[in-house]
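Survey of secondary and tertiary structure
Listed here are the chains, written in short residue letters.
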2 protein chains.
Amino acid sequence: MAAPVEEGGHAGKRGFDWILDLPSGAAAIAMRVKEFGKEDPRRAIHSFKVGLALTMVSLFYYFKPLYDGFGVNAIWAVLTVVVVFEFSVGATLGKGLNRMVATFVAGGLGIGAHHLASLSSPTGELILIAAFVFIIAAVVTFTRFFPKVKARYDYGFNIFILTFSLVSVSGYRDSQVWTMAHERLSTILVGSSTAVIVCVVVYPVWIGEELHNLVVTNIENLGEFLVGFGDAESNNNAKTLGEDHKSVLASKSNEENMANLARWEPGHGRFRLQHPWKQYLKIGTLARECAYKVDALSSSYLNPHVQPIDEMGSRVEAACRELSTECGRVLKELALATRKMKRTKPADAMVASSRAAADDLKLVLDTNKWERQRFVELVPIAALAAVLLEIAETTERIADAVVELSSKAHFKSADSAVSPEQPSPPPAAALPVSSGGA
Amino acid sequence: MAAPVEEGGHAGKRGFDWILDLPSGAAAIAMRVKEFGKEDPRRAIHSFKVGLALTMVSLFYYFKPLYDGFGVNAIWAVLTVVVVFEFSVGATLGKGLNRMVATFVAGGLGIGAHHLASLSSPTGELILIAAFVFIIAAVVTFTRFFPKVKARYDYGFNIFILTFSLVSVSGYRDSQVWTMAHERLSTILVGSSTAVIVCVVVYPVWIGEELHNLVVTNIENLGEFLVGFGDAESNNNAKTLGEDHKSVLASKSNEENMANLARWEPGHGRFRLQHPWKQYLKIGTLARECAYKVDALSSSYLNPHVQPIDEMGSRVEAACRELSTECGRVLKELALATRKMKRTKPADAMVASSRAAADDLKLVLDTNKWERQRFVELVPIAALAAVLLEIAETTERIADAVVELSSKAHFKSADSAVSPEQPSPPPAAALPVSSGGA
């Protein structure tokens, strides 16, 4: 416990420092918390919202008249708010709807099971109830393993088992079972509604918008990297290009989860109810494919300090850098238009310049003869050309997917011209779409 | 509703088919369910276990004497089993411990808050309780955003808010609050224990073992692919090599989650309590790096139908295939040893052959002159060489990480020789270690 005596004055000073450090340690933690909150102010707002919803529903429970109306089960309203309230509207709505529907259906089934069992002898009743609970729990648990069920209804199936067990095993008389099921359903409705209303009304976080921004930012990052890589003048070293594209590699499960939750959300802001969230997953997959290849550009085998070895090498490298810049520009333009939810040019027009650059590179590779050189010196430049041609191809496919999205999602046309899908857009189309519409 | 008359006999037949299809449709669903269960029999076992635990705890609630002991709050035991019971032991233990500790701490705090507030006037009491609930809910919700808290204690923090609200807002007299908190804690202990015991005793699924097998299988798949790719005789087409390595690319968040859950598990089978789970994440990250490069091998720019264009090309290609085979062998050997939890050779000895093959390839590239050829024909073979040299480097780093794991996890020495860390291994070391030890 005590500081080792051998360290003498130094240890003594440390001892004092330890006491002096206490307030500064607390200050450091406070700083850390403040920074963490500033990093994303929605964290603090969400915490405030949870506190608000819970206080509202607690007061509801606390006031005697209401308490008498709902009985001891009123506590389920408090519980519901705590477990249903999530960061985004989609997640909160998904959990709330799952909880309400599952409670309603399982409550009904539970009453039926209880009634059926109570017709039997006391021992028979016990065996029947145990058998019902076992079968329902086992079957529903097995169903939860199916990926489609797991993605959207996992919580509901869990609540289904819960409510069925609670209602069917409660050893009450029939009338009490009805009251219990009814109270449980009402309190869960109150709790879920409180959570959903506070979540939507106070600074809502729409998961659909998050997904939209994530996919756009991913494409933007890839574009930035490629433009930076192409700019040989200002930048001979891939290391200074940053690691933003790395985050694209790991975003798969995140994107899938967001798309599942976004489908619970009603229309909001610029997004309609039937917004094509699945198309974002398609674009995301292509962006990841592109990111693998972009990652290869920054890896060591395309060694940036290997200088072009002769005039031919310089020409190949210049064509490579040109292609990288053009692909980067296409991706940045796609990201910009999608961020503003405007239609882009048709995919063909969009990638015309990058396709021309790719043809240039192929021509350079195709028409020139390589002077007698050691093979090892060709490897970096040849690999660079191979990877960039792959990136150009993926860029075209991303452009196709983004154009498909802008059509499916009825984006505004970029140049106020009449687009084929919208023969006569009303003037109001230029105004922000009202929230909650569709 | 009616079938269109125009289709005549055919439509009539379809109408009959529809009726005849009913049983066959049900049979198809039954087949699908059966297949899904067979795919992983542990799914059916898990469903059985959930049914068992829930029936046990329901009967516990159903029997009057026990019911009288716990009061109406006995229903919390049923609820606890449903929400705590997870597929793996680690997840169930983690949730159970989180729930128990959070209930205990929050229950105490809730009693304190209730007592403090009840000293005030009725209006003051109301305001104080509301303020307490708001502050605790907001602060704890904010804390849940910190990644380290989220990874291991998210559920506990949620239950903390829940229990604190339930205990502090209940408008009872002090003595009743004590009873309520006590009952809630006891029933949650009963529910959590039932869930944990059933989960551990009946065919337990250890998440640590899952993580071990996942990482080993990932390395094995990479090895298989590389050996297959190197075997030019039997296989000129990368397409037949399979897509097993693709799953490695997306396993990041899965592995992190498993490592977090594995830390809740006690020693089991061949795994001790302090098994170095973090080292698996390190190996997993390297395996993913390797998989990106392996994926490039199977991509189109290393076009397998481009035949080597001259003798020099053939020699480079042969050296590439040799290097691929050697890297694949190293990875397969590493996977085999790790699966058996045996020590492998030191990393240097392990990768000696692949390092020699890499040197061979470099030598071929370095000493040979390329005859005048069109540059475009060099691209695939040069890119192939570049990617394979990268794979060889990553393989060495994987070997280092696996050797580090075998040392940290005290794997048995491969050749029954006395290893440095285990001066005199007891004969019992050869027997399976008893489950639940350490």
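Position labels on residues start from 1 in each chain and follow its written sequence. For this description, chains carry letters from A and ligands carry numbers from 1, given in the order in which they are written. Reporting in this predicted model follows two pLDDT cut-offs: at least 70 for local features of residues, and 80 or more for side-chain atom pairs to be given and counted; totals over whole chains, interfaces and linings ignore these cut-offs and use all residues. Neither water nor hydrogens contribute to the side-chain values; these are computed over all heavy atoms in the structure.

**Re the overall build of chain A**
Put simply, the test is: Helical segments are the DSSP runs of H or I of at least four residues, strand segments are the runs of E of at least two, and each set is numbered from the N terminus. Whether two residues touch is decided by their heavy atoms; if any such pair falls within 4.5 Å, the residues are in contact. Throughout, the Shrake-Rupley method with a 1.4 Å probe supplies accessible areas, and for residues the shown protein chains are the sole cover considered.
Counting secondary structure elements, chain A contains 16 helices and zero strands. Within chain A, contacts between residues separated by at least 24 positions form 81% of all contacts whose residues are at least 6 apart in sequence. Carbon and sulfur atoms form 63% of the exposed surface of chain A, whose accessible area is close to 20,700 Å².

**Regarding the packing of aromatic side chains**
Inclusion rule: Any two of the Phe, Tyr and Trp rings considered here, Trp counted by its six-membered ring, make a pair once their centres fall within 6.5 Å; the pair's planes then place it as stacked at under 30 degrees, edge-to-face at over 60, or tilted in between. Buried residues are those whose accessible area, probed at 1.4 Å on protein chains only, stays under 20% of the maximum for their type, while exposed residues exceed 50% and partly exposed ones sit between those limits.
The full count for this structure, using the stated rule, is 20 aromatic pairs over all chains. For the ring pair A:Phe225 and A:Phe229, a centre distance of 6.3 Å and an interplane angle of 15 degrees mean the geometry is stacked. Linking A:Phe225 with A:Phe229, this pair stays in helix α9 (residues 207–230), spanning four residues, or about one helical turn. With respect to class, A:Phe225 is no different from A:Phe229; both count as buried. Aromatic pair B:Tyr153 and B:Trp264: ring centres 6.1 Å apart, planes at 90 degrees, arrangement edge-to-face. Of the two residues, B:Tyr153 sits in helix α7 (residues 147–169) while B:Trp264 sits in the loop between α11 (252–262) and α12 (277–298), which places them 111 residues apart along the sequence. Under the relative-accessibility criterion, B:Tyr153 is labelled partly exposed at 34%. Ring pairs connect the aromatic residues A:Phe36, B:Phe142 and B:Phe146, which therefore count as one cluster.

**Concerning the UniProt feature "transmembrane region" (unreviewed entry) in chain A**
All names here are of chain A. Threshold: UniProt positions are given in the numbering used here, feature names are shortened, and annotations may be inferred rather than shown by experiment.
Feature annotation in UniProt assigns "transmembrane region" (unreviewed entry) to the following positions: residues 44–63, 75–94, 101–120, 126–143, 155–173 and 185–206. Secondary structure across residues 75–94 comprises 80% helix and 0% strand; the distance between its end C-alpha atoms is 22 Å. Secondary structure content for residues 101–120 is 90% helix and 0% strand, while the C-alpha to C-alpha distance between its ends is 30 Å.

**Remarks on the packing of helix α4 (residues 75–84) of chain A against α7(B)**
Helices that pack against each other are described as a pair by the angle of their axes relative to one another and the distance between those axes. What counts, and what does not: Lines fitted to C-alpha atoms define the axes, with helix axes restricted to the stretch in contact, and inter-axis angles between N-to-C directions lie between 0 and 180 degrees. By the definition adopted for this analysis, an angle is roughly parallel if under 35 degrees, roughly antiparallel if over 145, roughly perpendicular if from 65 to 115, and oblique otherwise. Should the near helix be turned counterclockwise from the far one by less than a right angle, the crossing is left-handed, whereas a clockwise turn marks it as right-handed.
Packing of α4(A) against α7(B) leaves a shortest axis separation of 10 Å and a crossing angle of 155 degrees. Classed by the angle they form, the pair α4(A) and α7(B) counts as roughly antiparallel. Seen from above, α4(A) lies across α7(B) with right-handed handedness. Side by side, α4(A) and α7(B) meet where A:Ile75, A:Val78, A:Leu79 and A:Val82 of the first sit next to B:Asn158, B:Ile161, B:Leu162, B:Ser165 and B:Leu166 of the second.

**Describing the environment of A:Phe145**
With respect to the secondary-structure elements, A:Phe145 resides in the loop between α6 (122–143) and α7 (147–169). For the pair formed by A:Phe145 and A:Thr217, sequence separation is 72 residues and the distance between their alpha carbons is 33 Å. Those residues in contact with A:Phe145, other than ones at most four positions away along the chain, are B:Phe36, B:Arg43, B:His46, B:Ser47 and B:Phe87.

**Things to note about a nonpolar patch on the surface**
All names here are of chain A. How we decide: Put simply, a patch holds well-exposed residues, over 30% relative accessible area, that have no salt bridge, with like charges counted together within 9 Å and Val, Leu, Ile, Met, Phe, Trp or Tyr side chains within 5 Å. We define a salt bridge as a side-chain nitrogen of Lys or Arg found within 4 Å of a carboxyl oxygen belonging to Asp or Glu.
A contiguous nonpolar surface patch, about 380 Å² in accessible area, is contributed by Val101, Phe104, Val105 and Leu109. Residue position: Leu109 is located in helix α5 (residues 89–118). Residue classification places Leu109 among the partly exposed positions, given a relative accessible area of 42%.

**Remarks on the state of the cysteines**
This is how the line gets drawn: Throughout, a disulfide means two cysteine sulfur atoms within 2.5 Å of one another.
The tally for this structure, following the rule as stated, stands at zero disulfides over all chains. Left without a disulfide partner, A:Cys320 is nearest to the cysteine sulfur of A:Cys327, which lies 11 Å away.

**Focus on the packing of helix α9 (residues 207–230) of chain B against α12(B)**
Residue and element names in this part refer to chain B. To keep it simple, the criterion reads: Residue polarity is assigned by list, with Asp, Glu, Lys and Arg as charged and Ala, Val, Leu, Ile, Met, Phe, Trp, Tyr, Cys and Pro as nonpolar; anything else, Gly included, falls into the polar class.
As a packed pair, α9 and α12 sit with axes 10 Å apart at the nearest point and diverge in direction by 25 degrees. With respect to their mutual orientation, α9 and α12 come out roughly parallel. As for how α9 packs across α12, the hand of that crossing is left-handed. Counting all contacts with α9, which are made through Gly208, Glu209, Leu211, His212, Val215, Ile219, Leu222, Phe225, Leu226 and Phe229, the residues of α12 involved are Trp277, Tyr280, Ile283, Ala287, Cys290, Ala291, Val294, Leu297 and Ser298. A per-class count over the contact of α9 with α12 returns 15 nonpolar, three polar and one charged.

**Details of the environment of B:Thr395**
All names here are of chain B. Structurally, the position occupied by Thr395 is in helix α15 (residues 375–408). Relative accessible area serves as the criterion here: at 0%, Thr395 is assigned to the buried category. Taking the C-alpha atoms as reference points, Thr395 and Glu326, 69 residues apart in sequence, are found 10.0 Å from one another.

**Observations regarding α6(A)**
What counts is decided by this rule: Expected helix span is given by 1.5 Å per residue-to-residue step, counting one fewer step than there are residues.
When the terminal C-alpha atoms of α6(A) are compared, their 32 Å separation across 22 residues agrees well with the 32 Å that a helix rising 1.5 Å per residue should span. Residues of α6(A) that are buried: A:Gly124, A:Glu125, A:Leu126, A:Ile129, A:Ala130, A:Val133, A:Ala137, A:Ala138, A:Val140, A:Thr141 and A:Phe142.

**Brief notes about the pattern of salt bridges**
Enumeration according to the criterion identifies 34 salt bridges over all chains in this entry. Residue A:Glu396 pairs with A:Arg355 through a salt bridge whose shortest N-O separation is 2.7 Å. With A:Glu396 in helix α16 (residues 375–408) and A:Arg355 in helix α15 (residues 352–367), this pair connects stretches of sequence that are 41 residues apart. A salt bridge links B:Glu224 to B:Lys332, with the nearest nitrogen and oxygen atoms 3.6 Å apart. Here B:Glu224 is found in helix α9, whereas its partner B:Lys332 is found in helix α13 (residues 311–339), with 108 residues between them in sequence. What emerges from the salt-bridge pattern is a single network uniting A:Asp40, A:Arg42 and A:Glu210.

**A closer look at unusual backbone geometry**
We note that A:Tyr203 has phi near 35 degrees; this positive angle belongs to a residue other than glycine. Here A:Tyr203 lies in the loop between α8 (174–201) and α9. The phi dihedral of B:His410 is positive, around 50 degrees, even though this residue is not glycine. With respect to the secondary-structure elements, B:His410 resides in the segment after α15. Classification of B:His410 by relative accessible area gives partly exposed; the value is 38%.

**Comments concerning the confidence of the model for chain A**
Residue and element names in this part refer to chain A. Rule in force here: Scored from 0 to 100, pLDDT reflects the predictor's confidence in each residue.
Per-residue pLDDT for chain A averages 79, and the proportion of residues at 70 or more is 76%. No element of chain A has a lower mean pLDDT than helix α3 (residues 64–70), which averages 53, and none a higher one than α5, which averages 92. Confidence over residues 416–438 falls short of pLDDT 50; this stretch has 21 contacts with residues more than four positions distant or in other chains. Our summary of model confidence lists the complex with pTM equal to 0.81 and ipTM equal to 0.80.

**Details of a positive patch on the surface**
To be explicit about the condition: Residues counted as positive are Lys and Arg, residues counted as negative are Asp and Glu, and His and the chain ends are not counted. Here the site of a charge means NZ on Lys, CZ on Arg, CG on Asp, or CD on Glu.
Where like charges cluster on the molecular surface, the positive patch consists of A:Arg270, A:Lys340, A:Lys342 and A:Lys412. Looking at where A:Arg270 falls in the secondary structure, it is placed in the loop between α11 (252–262) and α12 (277–298).

**What to know about the environment of B:Arg339**
Residues and elements named next belong to chain B. Within the secondary structure, Arg339 is located in helix α13. With 44 residues separating them along the chain, Arg339 and Asp295 place their C-alpha atoms 24 Å apart. Excluding residues that lie within four positions of it along the chain, Arg339 makes contacts with His212, Asn213, Val216, Thr217, Glu220 and Arg270.

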